[in-house]
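Commentary on secondary and tertiary structure
In case you want the letters, here they are:
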Amino acid sequence: MSTPGTNAGITRVGVVGGGQMGAGIAEVCARAGLDTVLCEVDAVAARAARERIAVSLERAVQRGKLDRISAEDALTRMSFTGSLDDLADRRLVIEAVVENADAKTEVFTALDKIVEDPEAILATNTSSIPVMRLGMATGRTDRVLGLHFFNPVPVLPLVEVVSSLHTAPHVLDTVREFVTGTLGKTVVHSRDRAGFVVNALLIPYVLSAIRMAESGFATATDVDAGMELGCAHPMGPLRLADLIGLDTVASIAESLYDEFKEPLYAPPPLLQRMVEAGLLGRKSGRGFHAYEGA
């Protein structure tokens, strides 16, 4: 296995989307010594993404996970933009926009025209949308694959690497080397199916917990306590859903149901109503539980 610091030829990385996931991906790339450009929808959103990363780096320093000089160096290695054109020279671009197939397809269509190096790799952080669908929006389907990180990205060690039917084997090898060697993460490989490995197992569990609370069989607090204290889970399923974002949970469930048509993947009515009401979990301050300072 490679040691951290090996870059597999990738030293210039771009990230599209500066939300919770995109900011986390950009942060781990910069902390690994990479020249990192984060692109948001406009300059205002780009500044907000920079602040989000600065707060995360400071939190890592306060917790003793990162020294201050390294945190400052990481921020120095990053630039923030509101234009996709600024990603033209990147060797790897990771898309991390909203979990919506049309939005992601639009990004890939644009990146295919903008990224100049024909050998550059385009990756998606989608948690459930088939990679093939996004790759077909480009003229380089052999260089498109999935790179699914987990929240919070600077903390969790896993990355799912997802190859489509078109992904070239050497591209897959390069990205696996990059994730393990440069980023120091652990890779699991998945074929291109909705939900990949982790969410195909996780989301039915979360949806079952939502149905239990929806039916009145048990409260959200009791459901979570049962799994935390009875099964030694570090976080109950409903608190986990709040952390992921209920809108994201619903999107993943819809993608899984669209592909497999199995009832266990269907988003429960309560989940859909909560999303419509803007009760999205931790990021909105309220989901199945309430959160202060969100």
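Here the structure is shown first, and the text comes after it.
First things first, this report covers the structure right here in the doc. Not measured: the values here are computed from a predicted model. The numbers attached to residues start from 1 for each chain and follow its sequence in the written order. Where totals are concerned, whole chains, interfaces and linings use all residues; where local detail is concerned, this predicted model gives features only for residues with pLDDT of at least 70, and gives and counts side-chain atom pairs only at 80 or more. Hydrogens and water molecules were not included; the side-chain quantities draw on all heavy atoms of the structure.

Quick notes on the packing of aromatic side chains
The description of an aromatic ring pair uses the distance of the two centres, along with the angle that the planes make with each other. Paired rings are identified among Phe, Tyr and Trp, the last through its six-membered ring, by centres lying within 6.5 Å, and are further divided according to the angle between planes into stacked (under 30 degrees), edge-to-face (over 60) and tilted (the rest). Applying the stated criterion across every chain, the model contains one aromatic pair. Geometrically, the ring pair formed by Phe260 and Tyr265 is tilted, given 5.6 Å between the ring centres and 40° between the ring planes.

Brief notes about the pairing of strand S1 (residues 12-16)
Per-residue accessibility, obtained with a 1.4 Å probe over protein chains only, is compared with the maximum for each type, and a residue is labelled buried under 20%, exposed over 50%, and partly exposed between these values. The secondary structure listing takes helices from DSSP runs of H or I that are at least 4 residues long and strands from runs of E that are at least 2 residues long, numbered from the N terminus. The buried fraction of S1 is high, at four of five residues. By the convention used here, strands pair only if DSSP detects at least 2 bridges between them. Where S1 lies against strand S2 (residues 35-39), five bridges are found, and the strand directions are parallel. Residue pairing for S2: Val13 is matched across the bridge by Thr36. By convention, orient the strands away from the viewer: a clockwise path from the first strand over the helix to the second makes the crossover right-handed. Assessed by its sense of winding, the connection that carries the chain from S1 through helix H1 (residues 20-31) to S2 is right-handed. By the bridge criterion, four bridges tie S1 to strand S4 (residues 92-95) in an arrangement that is parallel. Within S4, the residue paired with Val13 across the bridge is Leu92.

Here's the deal with the environment of Ala45
Turning to its location among the elements, Ala45 is positioned in helix H2 (residues 43-62). In sequence terms Ala45 and Gly18 are 27 residues apart; their C-alpha atoms lie 7.5 Å from each other.

Quick notes on helix H7 (residues 198-215)
For H7, which comprises 18 residues, the first-to-last C-alpha distance of 26 Å matches the rise-based estimate of 26 Å (1.5 Å per residue) to within 8%. Buried within H7 are the following residues: Asn199, Ala200, Leu202, Ile203, Pro204, Val206, Leu207, Ala209, Ile210 and Ala213. Gly216 lies just past H7 and shows a positive phi near 85°. To estimate how far a helix should extend, the number of its residues minus one is multiplied by 1.5 Å.

A look at the sheet that holds S4
On the basis of which strands lie adjacent, the open sheet formed by eight strands has the order S3-S2-S1-S4-S5-S6-S7-S8 and mixed pairing. Each end of this open sheet is capped by a strand with a single partner; those strands are strand S3 (78-81) and strand S8 (186-191). Mean inter-strand twist for the sheet, computed between neighbouring axes without regard to direction, equals 25°. Pairing of S4 with strand S5 (residues 121-124) involves four bridges; the strand directions are parallel. What sits directly across from Leu92, in S5, is Ile121. Comment: axis = line fitted to C-alpha atoms, over the contacting stretch for helices; angle = value between 0 and 180 degrees taken between N-to-C directions.

Here's the deal with the layout of surface pockets
Every definition here rests on a 1 Å grid over the protein atoms only: cavities are sets of points where a 1.4 Å probe fits but cannot get out, pockets are open sets enclosed by protein on both sides within 12 Å along at least five of seven lines, and lining residues have some atom within 4 Å of a point. Grid points are joined across faces, edges and corners, and a volume is the space filled by probe spheres set on the points. If you add up the space inside the second largest pocket, you get close to 180 Å³. As for the second largest pocket, its lining consists of Val28, Arg31, Ala32, Pro154, Val155, Leu156, Pro157, Leu183, Gly184 and Lys185. Charged residues are taken to be Asp, Glu, Lys and Arg, nonpolar residues to be Ala, Val, Leu, Ile, Met, Phe, Trp, Tyr, Cys and Pro, and polar residues to be all remaining types, Gly included. Grouping the constituent residues of the lining of the second largest pocket by class yields seven nonpolar, one polar and two charged.

Points about the packing of H7 against helix H10 (residues 246-260)
Viewed as axis vectors pointing N to C, H7 and H10 meet at an angle of 115°, and their least axial separation amounts to 10 Å. Classified by the angle their axes make, H7 and H10 are roughly perpendicular. The interaxial crossing formed by H7 with H10 has left-handed handedness. Here H7 contributes Asn199, Ala200, Ile203, Val206 and Leu207 to the contact with H10, which in turn contributes Val249, Ile252, Ala253 and Leu256. Here the word oblique covers every angle except those under 35 degrees (roughly parallel), over 145 (roughly antiparallel) and from 65 to 115 (roughly perpendicular). By convention, the crossing between two helices is left-handed when the near helix turns anticlockwise from the far helix through less than a right angle, and right-handed when the turn is clockwise. Residue contacts are defined here by distance: any two heavy atoms, one from each residue, within 4.5 Å place the two residues in contact.

Observations regarding the environment of Ala32
Inspection of the secondary structure puts Ala32 in the loop between H1 and S2. Residues in contact with Ala32, not counting those within four places in the same chain, are Thr182 and Leu183.

So, the pattern of salt bridges
In what follows, salt bridge is the name for a side-chain nitrogen of Lys or Arg lying within 4 Å of a carboxyl oxygen of Asp or Glu. Applying the stated rule across the entire model yields twelve salt bridges. A salt bridge links Arg90 to Asp89; the shortest N-O distance between them is 3.0 Å. By relative accessible area, which is 3% here, Arg90 ends up buried. Of the residues examined, Asp89 reaches a relative accessible area of 37% and is grouped as partly exposed. A salt bridge links Asp117 to Arg91, with the nearest nitrogen and oxygen atoms 2.8 Å apart. Of the two residues, Asp117 sits in the loop between helix H4 (101-114) and S5 while Arg91 sits in the loop between S3 and S4, which places them 26 residues apart along the sequence. Overall, Arg91 belongs to the partly exposed group, its relative accessible area being 23%.

Some details on the nonpolar core
In plain words, nonpolar cores are sets of buried Ala, Val, Leu, Ile, Met, Phe, Trp, Tyr and Cys residues tied together by side-chain atoms within 4.5 Å. Counting residues in each nonpolar core, the largest one holds 41 residues, and the members touching the most others are Val13, Leu92, Leu147 and Phe149. The residues touching Leu92, leaving out its near neighbours within four places in the chain, are Ile10, Arg12, Val13, Gly14, Ile121, Ala123, Leu147 and Phe178. With 24 residues, the next largest nonpolar core counts Ala194, Ala209, Ile210 and Ala250 among its residues.

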